[in-house]
Amino acid sequence: MDKIRVLVAKPGLDGHDRGALIISQALRDHGMEVIYTGLRQTPVQIAQAAVQEDVDVIGLSSLSGAHNTLFPKIMDELKKRHADDIPVVGGGVIPSEDIPFLLEKGIKRIFTSGSSTESLANYIQELIYPKDSAVTSPKKISHIGIAVTNIDKAISFYTDSLGMEIEGVENVESQAVKIAFLKVGESRIELLEPLDDSSSIKKFLDKKGEGIHHIALEVDNLERRLSKLKSEGIQLIDEEAKPGAGDSQIAFIHPKSTNGVLFELCQQAEGSEE
């Protein structure tokens, strides 16, 4: 496998390149060959350098607020040189509302100030050398978990008042909970009742009372995803997958890494209904 060649560029008049230098060093630490253009490069200079250096990826860094102007110009210059097949990623101080526009202009991915260098390196690695087991975006919201003290007492609101149908009820011994699933379109509501005092649901109810406990995302390649999240410094409650409802495999991400939300990653059993 050849070394991945990355051109790191600072377009425009932005005179601060500490972030670009840190990224360059981080990518080198991941075994990539990095060519840094230096400060105050024009879109023409960046496109020319990418072609001359025969790079695999271009990384653009911008702190000036001119990204909506400069990034598309670079894409245009690459196209003029028949080099628009070189993937371009961007980063820096980029407001979230600008990201859809930049993606529409052909930028592959925007890494904001909260992104880690591990995330960037992993993304570039999978972009250039995709694997069959590559981590993809979650497929959908599998379900929303709601903690209740007693499913039999709570269920009437969902069935009688909201008109939902119970899809299934089972005990999940690994979590010490009894659960009931109610289908809502392609997703589900999951009611969780603690089976005993060792259940995390019992502790949740004692502390916060009944209410939303977690959001579950349906994913593929759960073990690989956990490994990737761990390498990126994301705090996990479960570093390995464990049995969930319906023979699924599940793992929880700690709310400290998710802006206060408890996320469950859920991989359905092969051949099960999604």
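Residues numbered from 1 in each chain as written. Predicted model: local features only at pLDDT ≥ 70, side-chain atom pairs only at ≥ 80, totals over all residues. Heavy atoms only, no water.

## Notes on the overall build of the protein chain
Assigned secondary structure in the protein chain consists of eight helices and 13 strands. In the protein chain, buried positions account for 45% of the 274 residues. Partitioning the contacts of the protein chain with sequence separation of at least 6, the portion at a separation of at least 24 is 61%. When the accessible surface of the protein chain is split by element, carbon and sulfur atoms take 49% of a total near 14,600 Å². With 30 positive and 43 negative side-chain charges, the protein chain shows a separation of 7 Å between the mean positions of the two kinds. (Helix = DSSP H or I, 4+ residues; strand = E, 2+ residues; numbered from the N terminus. Buried < 20%, exposed > 50% of the residue type's maximum accessible area, 1.4 Å probe, protein only. Contact = heavy atoms within 4.5 Å. Areas by Shrake-Rupley, 256 points an atom, 1.4 Å probe, with all protein chains shown as cover. Lys, Arg positive; Asp, Glu negative; His and termini not counted. Charge placed at Lys NZ, Arg CZ, Asp CG, Glu CD.)

## Looking at unusual backbone geometry
If you check the backbone angles, R40 has positive phi at about 55° while not being a glycine. The partly exposed category is assigned to R40, whose relative accessible area is 48%. Here D54, not a glycine, exhibits a phi torsion of approximately 55°, which is positive. With respect to the secondary-structure elements, D54 resides in the loop between α2 (43-53) and β3 (57-62). Note on D54: relative accessible area 59%, which makes it exposed.

## Remarks on the pattern of salt bridges
Counted under the stated rule, the structure contains 14 salt bridges. Put simply, R224 and E126 hold a salt bridge, and the shortest N to O gap is 2.7 Å. Here R224 is found in helix α8 (residues 222-231), whereas its partner E126 is found in helix α5 (residues 117-128), with 98 residues between them in sequence. Judged by its relative accessible area of 25%, R224 is partly exposed. The buried category is assigned to E126, whose relative accessible area is 16%. With a shortest N-O distance of 2.4 Å, R188 and E167 are connected by a salt bridge. In this pair, R188 sits in strand β9 (residues 187-194) while E167 sits in strand β7 (residues 166-172), placing the two residues 21 residues apart along the sequence. Through salt bridges with shared partners, a single network forms among R5, E33 and E53. (Salt bridge = Lys/Arg side-chain N within 4 Å of Asp/Glu carboxyl O.)

## Side note on the packing of α5 against α8
Running from amino to carboxyl end, α5 crosses α8 at an angle of 135°, the nearest separation of the two axes being 9 Å. By the criterion of interaxial angle, the relationship of α5 to α8 is oblique. Of the residues in α8, those in contact with E118, N122 and E126 of α5 are R224, K228 and S231. In terms of residue class, the contact of α5 with α8 is made up of no nonpolar, two polar and four charged. (Axes fitted to C-alpha atoms, helices over the stretch in contact; angles between N-to-C directions. Parallel < 35°, antiparallel > 145°, perpendicular 65-115°, else oblique. Nonpolar A, V, L, I, M, F, W, Y, C, P; charged D, E, K, R; others polar.)

## Details of the sheet that holds β3
Strand order in the open sheet formed by five strands is β2-β1-β3-β4-β5, and the pairing between neighbours is parallel. Each edge of the open sheet is held by one strand with a lone partner, namely β2 (33-36) and β5 (109-111). Taken pair by pair, the neighbouring strands of this sheet meet at an average axis angle of 25°, ignoring direction. Taken strand by strand, helix α1 (residues 18-29) contacts β1 (5-9), β2 and β3, and its axis lies near 160° from that of β2. (Pairing = 2+ DSSP bridges.)

## Some thoughts on the nonpolar core
By size, the foremost hydrophobic cluster in this structure holds 23 residues, and its most contacted members are L7, I58, L60, F71 and L78. Elements that contribute at least two residues to this core include exactly β1, α2, β3, α3 (67-80) and α4 (99-104). Every residue in contact with L60, bar those within four places of it in the chain, is listed here: A9, I46, F71, I74, V88, V89, G90 and G91. In terms of nonpolar packing, the next biggest core, distinct from the first, is built from 14 residues, V57, F111, L120 and I124 among them. (Core = buried A, V, L, I, M, F, W, Y, C linked by side-chain atoms within 4.5 Å.)

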